[in-house]
Number of protein chains: 2
Amino acid sequence: MRPLFAGLALFIAPLLPANPWLENVRAVRSAQQQELIAEYREFCAIPNVSGDQANIRRNAEFIVAMMKKRGIAAELLEGHSRATNPAVFGEVKAPGATATVVFYAHYDGQPVNAAQWAAGLQPFNPVFITAPIERGGKILEWQPGQPIDLTWRMSGRGTADDKAGVFAILNGYDALVRAGLSPKVNVKFFFEGEEEIGSVHLRDLLQIHRAKLQSDLWIIADGPRHVSGRKVVQFGVRGDINLELTAYGPKRPLHSGNYGNWAPNPAHRLVTLLASMKDDDGRVLVPGFYDDYVQFSESERLAMREASFTDEALMRELGLNRTEVPGRSLLEGFELPSLNINGIQSANVGRLAANIIPTTARATLDLRLVLGNDWQRQVNRIVDHIKAQGWHVLDREPTDEERLAHPKLIQVGWGKGYNAQRTPMNSPLARAVVAAVAGSTDDPIVKLPTLGGSLPLIVIEEELGAKIITVPVVNYDNNQHAENENVRLNFLFEGIDTFAALMRLE
Amino acid sequence: MRPLFAGLALFIAPLLPANPWLENVRAVRSAQQQELIAEYREFCAIPNVSGDQANIRRNAEFIVAMMKKRGIAAELLEGHSRATNPAVFGEVKAPGATATVVFYAHYDGQPVNAAQWAAGLQPFNPVFITAPIERGGKILEWQPGQPIDLTWRMSGRGTADDKAGVFAILNGYDALVRAGLSPKVNVKFFFEGEEEIGSVHLRDLLQIHRAKLQSDLWIIADGPRHVSGRKVVQFGVRGDINLELTAYGPKRPLHSGNYGNWAPNPAHRLVTLLASMKDDDGRVLVPGFYDDYVQFSESERLAMREASFTDEALMRELGLNRTEVPGRSLLEGFELPSLNINGIQSANVGRLAANIIPTTARATLDLRLVLGNDWQRQVNRIVDHIKAQGWHVLDREPTDEERLAHPKLIQVGWGKGYNAQRTPMNSPLARAVVAAVAGSTDDPIVKLPTLGGSLPLIVIEEELGAKIITVPVVNYDNNQHAENENVRLNFLFEGIDTFAALMRLE
């Protein structure tokens, strides 16, 4: 027998009546709906791709202005290198508070390929849609002042990941103050501008501004709520590192007829290599890949299995007949490191395709890491596997001599990765966070030992010694990192309740 | 012992003194150099991608004008369908001639992706370069009237494939006439506008205009001369058919962390499928792939092996340590059908890559066919192989029901292919062609039983009963079908000699 109710008890907090003060917060944010939405559209219209430094700074300054408007002393935290995207910092002291909590979100976004967005949607021109475009959503002709339906979504890069976090944190604080209430903890704000490029300067920023950032706990507003719509508290994240592979063929593109069964094809070689990395049942075949991960405890595993109760509905929605590993639920899979092909490209397909042997074939791989993994060790395993398949591995373009010396040549590149992080679910601060989030909603909440996604949280633990807990804001079907990204408006506004409550941690 | 000299005798014609009349032809075309180059630049500046019907027609009309300027009665041959790109036709009768020869080239070109061309090169703005850009070639600042170095190249789509054929044929005829000479065969001109999309209406055109096109022999000006630079006579071509594969994943792009070892990745599935089609030694693993091809005769095989004498230099130039099938020369490989990955694409790589599970993964395959193969039968074998790997194969997008019903879904599309064609090397007309080409050059020529590339020649044989022989014009390193396509100018002008000589076949 599956211990259904015993399991539920572990991960769903009891139904609590909403805190009476919360009604006041809700009344305040309802009255401000038009104004908040108008400001958010303006915020999301500023391009925020991490590499676009000029616009990144416009975003940071926009946040400073939003904070000042809310009476929060705000400033930019700069790094040693001029290449650092600034973090936005602010602080509000609570008289008599015994704990200091940093509220974190990131304002930068993933790269965009505007051509891949649906007709009428543009990455940096937020519009309202009735539903996800892929599920038949329509674009609305809305003018400021007209009524807003909170089941609508706002589309655009960053609307969900993760300007929504900035929105929930700043407006959570503001609604609290407008409702005549005060935070019960010292509140610090930290909005990062480099999360989508691996938080390359976060450690540097934490070191430079260590005094300002002293804290007991960081609460991270990022990632999606549960697929059921329930609010979530997460106690860990996976680590992450990307690899760029470039396989080399002939030095110039060749006619596929004149050279077609003579010159080796780099696309064929690359697909053979990639195919060797994972079997049809989703098991990564790279030697040692699963050697050093820390298994879930029984209770963590059970929590994850039970929180996967919507897997079947999700499969239906996504049009999936089976999952990668049959019999293993979505959340149980977060116990393991993963290997994903983010993209692959060689020459052209479809109308642009030509009858050629391409000169190169490229793939981007994403490795997710769990507790026990070390990102550099995991990368080394991939590189060793590639070598074991007979490839000569380079960290740059091959020279002519190298081309002639080796039958299979590949460039493998990677930046700086980071490891996974997990906070114990039963510490006092963790329990207080669970109580606050549970108190901000009428529905049961979901507790997750770890997120599937990644944040560089381990750096915070390493540099500041603070605990870290994640409280997501947005809908799960937000097309995060991809075309047609969107946020459902009621999730934005419910995020205000969540963060108002989290500033009253006891 | 390798019978080296016996072998050479089979494929290299004896050194002959150039025909005395040819000196006159050369003097004429040298005097006209500036004028011919200016006209050719203008011709190559007209975009000629097969699907661009407005510009295609501009090309056809430009050719008609060039023909009229040379005193050739010219007209457009139209098809039944308005979608047909017209062929350009012309005719010049030779008093007392006993044979009628159609001179063929195609004026359409492969698709272009301008972003992939080198800086300063554009597909339809021909410029001179000192050498291939990939080998350090520089763009020249040349003005009309300034001296032209015939070792230069002209870059642009169609400069080599195959407006060069039109150039050689029309100017071959013109130089002959200007030198005070006449063709010895009835000359017909046929310039096709759909070769790069599989000559989809060629059969229709041949049927409609059968009376005009009655002929004993078609001489095709297309493809490259030998890698050694020698002139070539080819007696056959491979057939061709392309396949478009689209593998389906989740209906919307998914965050690779949140769904990364749960939702199946279509890129991983597609690479696994493609990897199953060919082994590391270039052998196609699709069952039946090699079942029905007609092997080369011993003399054909020998000719091919001997003509491959530049394989090592070519490998060095292309930066290849080994070929796909070790121990088999370039030309020997033309005995066999081939399978090539023209391109593969799923989401993005490099700077544009995002941490997602893509919704689709696509690949374009090119199948080359040899004597004995049937294109539809070969396609069926690929489809059967895909099914045998557990895929559900569709000829369109899947429905929601199909997505839920099948673990692996793929769309496989193809157009109309055509089979290979070979003309016996020892027929009287074949011998006359060899003598004419050999007489137009001071170097030995190369005879090839078949080309590696494809032309829909089988249609001509089927519809008109004419023999077919191919006489290429351009340099082998012309980036045909790819970015930075170019033609070496001396090959263009030597093509004039070749085709002047071919119009004096005896």
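Residues numbered from 1 in each chain as written. Chains lettered and ligands numbered in written order. Predicted model: local features only at pLDDT ≥ 70, side-chain atom pairs only at ≥ 80, totals over all residues.

S.K.: Just to check I follow, could you spell out the interface of chain A and chain B for this structure?
M.R.: One frequently used descriptor of interface size is the decrease in accessible area upon assembly of the parts. Contacts between the two partners involve 84 residues from chain A, matched on the other side by 84 residues from chain B. For the side of chain A that touches chain B, the elements supplying multiple residues, two or more each, are helix H7 (266-275), helix H9 (311-318), strand E12 (338-346), strand E13 (356-357), strand E14 (360-369) and helix H11 (400-405) of chain A. If one sorts the elements of the side of chain A that touches chain B by residue count, E12(A) sits on top with eight residues. The residue makeup of the side of chain A that touches chain B, split by class, is 34 nonpolar, 33 polar and 17 charged. Note: E12(A) against strand E12 (residues 338-346) of chain B, three bridges, orientation antiparallel. In the sheet register, Gln345(A) faces E12(B), and the bridge partner there is Gln345(B). (Contact = placed C-beta atoms within 7 Å. Helix = DSSP H or I, 4+ residues; strand = E, 2+ residues; numbered from the N terminus. Nonpolar A, V, L, I, M, F, W, Y, C, P; charged D, E, K, R; others polar. Pairing = 2+ DSSP bridges.)

S.K.: It is not clear to me how the packing of helix H5 (residues 163-178) of chain A against helix H14 (residues 489-502) of chain A should be interpreted in this structure. Could you clarify?
M.R.: The geometry of a pair of packed helices is captured by two quantities: the angle between their axes and the separation between those axes. All names here are of chain A. Close contact between H5 and H14 brings their axes to 7 Å; oriented N to C, the two are set at 55°. It follows from the interaxial angle that H5 and H14 lie oblique. For H5 against H14, the interelement crossing comes out right-handed. Touching Ala-164, Phe-167, Ala-168, Ile-169, Asn-171, Gly-172, Ala-175 and Leu-176 of H5 are Leu-492, Gly-495, Ile-496, Thr-498, Phe-499 and Ala-500, all from H14. (Axes fitted to C-alpha atoms, helices over the stretch in contact; angles between N-to-C directions. Parallel < 35°, antiparallel > 145°, perpendicular 65-115°, else oblique. Left-handed = near helix turned anticlockwise from the far one by under 90°.)

S.K.: For this particular structure, what's the right way to read the nonpolar core?
M.R.: Inside soluble globular proteins, nonpolar side chains tend to come together where they are buried. Counting residues in hydrophobic clusters, the biggest one holds 303 residues, and the most contacted among them are Ile219(A) and Ile219(B). When sequence neighbours within four positions are dropped, the list of residues in contact with Ile219(A) reads Val101(A), Phe103(A), Tyr104(A), Val433(A), Ile469(A), Val471(A) and Leu502(A). (Core = buried A, V, L, I, M, F, W, Y, C linked by C-beta atoms within 7 Å. Buried ≥ 20, exposed ≤ 12 C-beta atoms within 10 Å, placed from the backbone.)

S.K.: Mind showing me how you'd approach the relation of the copies chain A and chain B here?
M.R.: Put simply, the second copy of the chain is the first one after a rotation about an axis and a shift along it. The transform that puts chain A on chain B rotates by 180° and translates by 0.0 Å along the axis, for an RMSD of 0.1 Å. The relationship between the two copies is best expressed as a two-fold rotation axis. Residue by residue, 100% of the interface of chain A is reproduced at the interface of chain B, so both copies engage with the same surface. (Least-squares fit on C-alpha atoms with pLDDT ≥ 70 in both.)

S.K.: Looking at this structure, I do not really get unusual backbone geometry. What am I missing?
M.R.: Working note: non-glycine residues mostly have negative phi, and peptide bonds are mostly trans. All names here are of chain A. The linkage connecting Asp-161 with the following residue, Asp-162, adopts the cis geometry, with an omega of 15°. Relative to the helices and strands, Asp-162 is located in the loop between strand E5 (153-155) and H5. Phi angles above zero are rare outside glycine, and Asn-479 is one such case at about 55°. Note on Asn-479: 25 C-beta atoms within 10 Å, which makes it buried.

S.K.: What is the right way to read the domain arrangement of chain A from this model?
M.R.: Residues and elements named next belong to chain A. When its domains are assigned, chain A resolves into domain 1 (15-110 + 120-238 + 420-502) and domain 2 (240-293 + 336-414). Just the C-alpha atoms count here: the centres of domain 1 and domain 2 sit 36 Å apart. Every contact between the two is made by four residues of domain 1 and, on the other side, six residues of domain 2. Looking at the side of domain 1 that touches domain 2, its residues break down into one nonpolar, one polar and two charged. (Domains from an automatic or database assignment.)

S.K.: What is the right way to read the environment of Phe167(B) from this model?
M.R.: Residues and elements named next belong to chain B. Along the chain, Phe-167 falls in helix H5 (residues 163-178). The sequence separation of Phe-167 and Phe-499 amounts to 332 residues, and the corresponding C-alpha distance is 9.9 Å. With near-sequence residues (within four places) excluded, Phe-167 lies in contact with Tyr-40, Leu-492 and Gly-495.

S.K.: Would you mind going over the pairing of strand E6 (residues 186-192) of chain A with me for this structure?
M.R.: Remark: a regular strand shows side chains that alternate across the two faces of the sheet. Counting buried positions along E6(A) yields seven of seven residues, so the element is predominantly enclosed. Here E6(A) shows two buried faces, one formed by Asn186(A), Lys188(A), Phe190(A) and Glu192(A) and the other by Val187(A), Phe189(A) and Phe191(A).

S.K.: Is there a simple way to think about the sheet that holds strand E20 (residues 486-488) of chain A in this case?
M.R.: By way of backbone hydrogen bonds, the strands of a sheet pair with one another, either parallel or antiparallel. All names here are of chain A. With antiparallel pairing, the three strands of this open sheet are ordered in space as E4-E5-E20. With partners counted over all chains shown, the strands left at the sheet margins are strand E4 (128-129) and E20, one partner each. Sheet topology places E5 next to E20; three bridges connect them, and they run antiparallel. In the sheet register, Arg-153 faces E20, and the bridge partner there is Arg-488. On top of the sheet, H14 reaches E5 and E20; it is set at about 65° to E20, its chief contact.

S.K.: Hey, could you run me through helix H4 (residues 53-69) of chain B in this one?
M.R.: For H4(B), spanning 17 residues, the distance from its first C-alpha to its last is 24 Å, which sits close to the expected 24 Å at 1.5 Å a residue. One or two positions beyond H4(B), positive phi appears at Gly71(B), with a value near 75°. (Expected span 1.5 Å × (residues − 1).)

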